[in-house]
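Next come the chains, spelled out residue by residue.
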Amino acid sequence: MGQKTNPMMNRLGIIVGWQSSWCNNYKERILEDFKVRRYIEARFPKGIISRIFIERTMKFITLTIRTSRPALVIGKGGDEVDTVRKELKKLTKKEIQINISEVKRPELDAPLVAKNLVRQLENRISYKKLIKLSMIAAMRMNAKGVKIQISGRLNGAEMARCEIYKEGRISLGTFRAEVDYYMSVAHTIYGSIGVKVWIMKGEIYGKKELSPSLMQKKYRFSNHKTFRRKKF
């Protein structure tokens, strides 16, 4: 079963929390979440946004943006994030609060690794070299295991194929195993190439806080033009 399901969804409520927290108006909320995520991904340089967590209350929406380059997201004096907040307010018709969370070790973050591979594959760099460098970097940062799957017309071959590279241990069937997973697509001149990344960071024992609003954040932005740096 662990080989067939999304590792993140398989651990929901156990060691992984929901990326969107709301419970009514399903059709409207899921469309609004899609538009918010698509806007933020398009607004900032490709490959610096890890994940976007959305929490809703009756009056406002709290966005938690995990990124490897918080300075680019914040902008000079908070101008960039303030512009994003105003435009999202027009899009959603609600008050927006944005929290910026820095990814300390991007080599162990599956979305950042996958997006980096996609960006360089689109620049026509050898996929074998990229995958080996990504795996070496993750293992140097004390990852327990890394698996990368790439499929499509690799190097422009006439027949599409799938290749899997693995190092270390990936316990997909163990619920306490902290496995980070992400899938992305590289749009090259000879077709689309799918990239899947699994990174196992270790095992979690005991209860883990699942709410993104209670995760450790470095920057919080409210409706005011000036921003304050606050540790939680």
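Preceding block: the structure.
Procedures and definitions
- Residues numbered from 1 in each chain as written.
- Predicted model: local features only at pLDDT ≥ 70, side-chain atom pairs only at ≥ 80, totals over all residues.
- Heavy atoms only, no water.
- 1 Å grid on protein atoms, 1.4 Å probe; cavity = no way out; pocket = protein on both sides within 12 Å on 5 of 7 lines; lining within 4 Å.
- Points joined across faces, edges and corners; volume = space filled by probe spheres on them.
- Helix = DSSP H or I, 4+ residues; strand = E, 2+ residues; numbered from the N terminus.
- Nonpolar A, V, L, I, M, F, W, Y, C, P; charged D, E, K, R; others polar.
- Core = buried A, V, L, I, M, F, W, Y, C linked by side-chain atoms within 4.5 Å.
- Buried < 20%, exposed > 50% of the residue type's maximum accessible area, 1.4 Å probe, protein only.
- Contact = heavy atoms within 4.5 Å.
- Salt bridge = Lys/Arg side-chain N within 4 Å of Asp/Glu carboxyl O.
- Phe/Tyr/Trp six-rings, centres within 6.5 Å; stacked < 30°, edge-to-face > 60°.
- Lys NZ or Arg CZ within 6 Å of the ring centre and 35° of its normal.
- Pairing = 2+ DSSP bridges.
- Axes fitted to C-alpha atoms, helices over the stretch in contact; angles between N-to-C directions.
- Parallel < 35°, antiparallel > 145°, perpendicular 65-115°, else oblique.
- Left-handed = near helix turned anticlockwise from the far one by under 90°.

**Here's the deal with the layout of surface pockets**
Empty space within the second largest pocket amounts to approximately 770 Å³. When residues of the lining of the second largest pocket are traced back to their parent elements, those giving at least two are helix H1 (7-10), helix H2 (26-43), strand E2 (49-56), helix H5 (110-122) and strand E7 (177-188). Of the residues forming the lining of the second largest pocket, the biggest block, five residues, is contributed by E7. Grouping the constituent residues of the lining of the second largest pocket by class yields 15 nonpolar, seven polar and five charged.

**Section: the nonpolar core**
Formed by 24 residues in total, the largest nonpolar core has its most connected members in Leu121, Ile150, Val197 and Ile199. Counting only elements with at least two residues in this core, the list comes to H5, helix H6 (127-140), strand E5 (145-152) and strand E8 (191-203). Of the residues forming this core, the biggest block, six residues, is contributed by H5. Not counting residues within four places of it along the chain, the set of residues in contact with Ile199 comprises Glu107, Leu108, Asp109, Ala110, Val113, Ala143, Gly145, Val146, Glu178, Val179 and Asp180. With 18 residues, the next largest nonpolar core counts Ile54, Ile65, Val73 and Ile100 among its residues.

**A few points about the pattern of salt bridges**
As enumerated under the stated definition, the model contains 17 salt bridges in all. In this structure, the salt-bridge partner of Asp82 is Arg85, at a minimum N-O distance of 2.8 Å. In this pair, Asp82 and Arg85 both sit in helix H4 (residues 79-92), three residues apart, roughly one turn of the helix. For Lys86, the salt bridge goes to Asp82, with nearest N and O atoms at 3.5 Å. Note that Lys86 and Asp82 are positioned in helix H4 at a spacing of four residues, about one turn of the helix. Take Lys86: its relative accessible area is 47%, and that puts it in the partly exposed class.

**Considering the packing of aromatic side chains**
According to the stated counting rule, one finds two aromatic pairs in the structure shown. Taking the centre distance of 5.2 Å and the plane angle of 45° together, the rings of Tyr181 and Trp198 count as tilted. Pair noted here: Tyr181 is in strand E7 and Trp198 is in strand E8, with a separation of 17 residues, a long-range link. Residue placement shows Lys147 over the ring face of Trp198; its charged tip is 4.3 Å from the ring centre.

**Focus on the sheet that holds E7**
Taking strand neighbours across the sheet as the criterion, the four strands line up as E6-E5-E8-E7 in an open arrangement whose pairing is antiparallel. Each edge of the open sheet carries a strand with a single partner, namely strand E6 (161-168) and E7. Shown here is a sheet whose adjacent strand axes are inclined to one another by a mean of 10°, direction ignored. Bridging between E5 and E6 involves eight bridges; their strand directions are antiparallel. Its bridge partner being in E6, Gly152 is matched across the sheet by Arg161. The sheet strands contacting H5 are E5, E7 and E8, and the helix crosses E7 at an angle near 20°. Along the sheet, H6 makes contact with E5 and E6, crossing E6 at roughly 25°.

**Looking at unusual backbone geometry**
Located in the positive-phi region is Arg124, a residue other than glycine, with phi close to 65°. When its relative accessible area of 60% is taken as the criterion, Arg124 is described as exposed.

**Focus: the packing of H5 against H6**
Look at H5 against H6: their axes get within 10 Å of each other, and the N-to-C directions meet at 155°. On the basis of their axis angle, the class for H5 and H6 is roughly antiparallel. Our pair here, H5 against H6, has a crossing hand that is right-handed. Contacts between H5 and H6 involve Val113, Leu117, Gln120 and Leu121 from the first element and Tyr127, Leu130, Ile131 and Ser134 from the second. Taken together, the residues of the contact of H5 with H6 break down into six nonpolar, two polar and no charged.

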